[in-house]
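Structure assessment
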Amino acid sequence: DKAPLSKSLLLVPSAISILLTLLFQHYQKFFAYNLQAIKEDFQIWRFVCGRAICLDLKDTFCSSLLIYNFRIFERRYGSRKFSSFLLGAWMLSALFDLLLVEIAQYIFGITINSLPSGFLGPVFALFVPFYCSIPRVQVTQVLGHFSITNKTLVYILGLQLLTSGSYIWILALSGLISGICYNSSILKVHRILCVPSWVAKIFSWTLEPIFSSAEPTNEIRVGMGATVDIQRQQRMELLDRQIMMSQVAQMRQQRQQQGGMINWNRLFPPLRHRQNANYQDHRPSDQDTPPPTEVSEEQVARLMEMGFSRGDALEALRASNNDLNVATNFLLQH
């Protein structure tokens, strides 16, 4: 929804790539990114054909997934600004492809006659605004040290695409350089390489109705805030409420199946079973037992409004040192 250009880049090149691989293999030579033919025979049209359609299905799959994840930029900036970025990155990466090939031949003595085909330069260029403007939100941790964020999967897809061919690192490097150049306010490239307004209107009248999607009917409308940050915060708050209600419903169902009992030994093992070096299979004395934590009745009422019993709410608040957020998270997750 609201990303027709991303949808067209996802569907049309992928369909053509599949057709060339399965049915029309004898036409693949016209979409090869042959640098030797460009330099010696002046086949400039190969810049267009060779840098538009992937001839390797693995590259098609990875680049399509990356375009799907990068659709957020079209929704954020609009189709015209997003298409201007792709056009500028596409043209700049073509220039950097030739320069990097000449540099590799001059320094390392590597002669490169062809590069992997496809719309790969702009895809790698999109990693620049993705790294700079998309916030990093931690999802979980692996082994307690390695953080998994909302951006990890995109970087893994980029790494998979980077390792799919022998000389694809040239396309990746040229794409990153072109993305930095276009995204930089110092060089002012975005003012030169941009889609004119009349061209954007023509495509808006002709192609946008074909690739536009209907607004999801199951999405709850949210009041529009005054700024983009407020609108994003409203969306996050709505999502949090939906997740909480879903978890509350699941928790009620589990409690009904278990007879309304919660395994507090599993819920708070470090808080309910504290051991020390002198502990030897006997109960601590009453003098060593800490006094119970005073619980706020207001917080108990708030937990009971969410569907938890009073006993569970009291136990959770005491075990979490009267922290409402921690108690709520424990009750919802267990």
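What comes next is a walk through the structure.

Parameters and conventions
- Residues numbered from 1 in each chain as written.
- Predicted model: local features only at pLDDT ≥ 70, side-chain atom pairs only at ≥ 80, totals over all residues.
- Heavy atoms only, no water.
- Helix = DSSP H or I, 4+ residues; strand = E, 2+ residues; numbered from the N terminus.
- Buried < 20%, exposed > 50% of the residue type's maximum accessible area, 1.4 Å probe, protein only.
- Contact = heavy atoms within 4.5 Å.
- Areas by Shrake-Rupley, 256 points an atom, 1.4 Å probe, with all protein chains shown as cover.
- 1 Å grid on protein atoms, 1.4 Å probe; cavity = no way out; pocket = protein on both sides within 12 Å on 5 of 7 lines; lining within 4 Å.
- Points joined across faces, edges and corners; volume = space filled by probe spheres on them.
- Nonpolar A, V, L, I, M, F, W, Y, C, P; charged D, E, K, R; others polar.
- Axes fitted to C-alpha atoms, helices over the stretch in contact; angles between N-to-C directions.
- Parallel < 35°, antiparallel > 145°, perpendicular 65-115°, else oblique.
- Salt bridge = Lys/Arg side-chain N within 4 Å of Asp/Glu carboxyl O.
- Expected span 1.5 Å × (residues − 1).
- Patch = residues over 30% accessible without salt bridge, like charges linked within 9 Å, V, L, I, M, F, W, Y side chains within 5 Å.

A word on the overall build of the protein. Broken down by element type, the protein carries 19 helices and 4 strands. Expressed as a percentage of its 334 residues, the buried residues of the protein come to 34%. Long-range contacts, defined as pairs at least 24 residues apart, comprise 69% of the intrachain contacts of the protein with a sequence gap of at least 6. A total of about 21400 Å² of accessible surface is found on the protein, and carbon and sulfur atoms cover 59% of it.

Before going further, it helps to spend a moment on helix α9 (residues 152-162). Among the residues of α9, Thr152, Val154, Leu157, Gly158 and Leu161 are the ones counted as buried. On its buried face, α9 sits against α4 (57-69), α7 (120-125), α8 (127-133), β4 (146-149) and α10 (168-183).

Here the focus is empty space enclosed by the protein. Tallied over the full model, the rule gives 4 cavities of 30 Å³ or more. Considering only enclosed or pocket space, the largest cavity measures out at about 90 Å³ in volume. Every residue lining the largest cavity is listed: Leu9, Pro13, Ser14, Ala52, Cys54, Thr60, Ser63, Ser64, Ile67 and Phe119. Contributing elements (two or more residues each) for the lining of the largest cavity: α1 (4-22) and α4. Here the lining of the largest cavity gets 4 residues from one element, more than from any other, and that element is α4. Residues of the lining of the largest cavity, tallied by class, amount to 6 nonpolar, 4 polar and no charged.

Look at α1 against α4: their axes get within 9 Å of each other, and the N-to-C directions meet at 170°. Overall, the two elements α1 and α4 adopt an arrangement that is roughly antiparallel. In this structure, α1 contributes Ser6, Leu9, Leu10, Ser14, Ser17, Ile18 and Thr21 to the contact, and α4 contributes Leu57, Thr60, Ser64, Ile67 and Tyr68. Counted by class, the contact of α1 with α4 contains 6 nonpolar, 6 polar and no charged residues.

The final tally for this structure, using the stated rule, is 4 salt bridges. In this structure, Arg51 and Asp97 form a salt bridge, with 3.5 Å as the shortest nitrogen-oxygen distance. Taken as a pair, Arg51 in the loop between α3 (46-49) and α4 and Asp97 in helix α6 (residues 79-108) lie far apart in primary sequence, 46 residues in all. Asp97 carries the same exposure label as Arg51, and that label is buried. With a closest N to O distance of 3.0 Å, Arg310 and Glu297 form a salt bridge.

What follows concerns α10. Every α-helix winds through 3.6 residues per turn, so residues three or four apart in the chain are directed the same way. Taking 1.5 Å per residue as the helical rise, α10 with its 16 residues ought to reach 22 Å, and the 22 Å between its terminal C-alpha atoms agrees with that figure. Turning to α10, its buried residues number three or more, namely Ile168, Ile170, Leu171, Ala172, Ser174, Gly175, Ser178, Gly179, Cys181 and Tyr182.

A few words now on a nonpolar patch on the surface. Together, Ile18, Leu19, Leu22, Leu23, Phe24, Tyr27, Phe30, Trp45 and Leu57 make up a nonpolar patch on the protein surface, roughly 860 Å² of accessible area in all. Top contributing element to the nonpolar patch by residue count: α1, with 3 residues. Following the sequence through the fold, Trp45 ends up in the loop between α2 (35-40) and α3. Classification of Trp45 by relative accessible area gives partly exposed; the value is 37%.

By themselves, these observations are geometric and do not establish any function.
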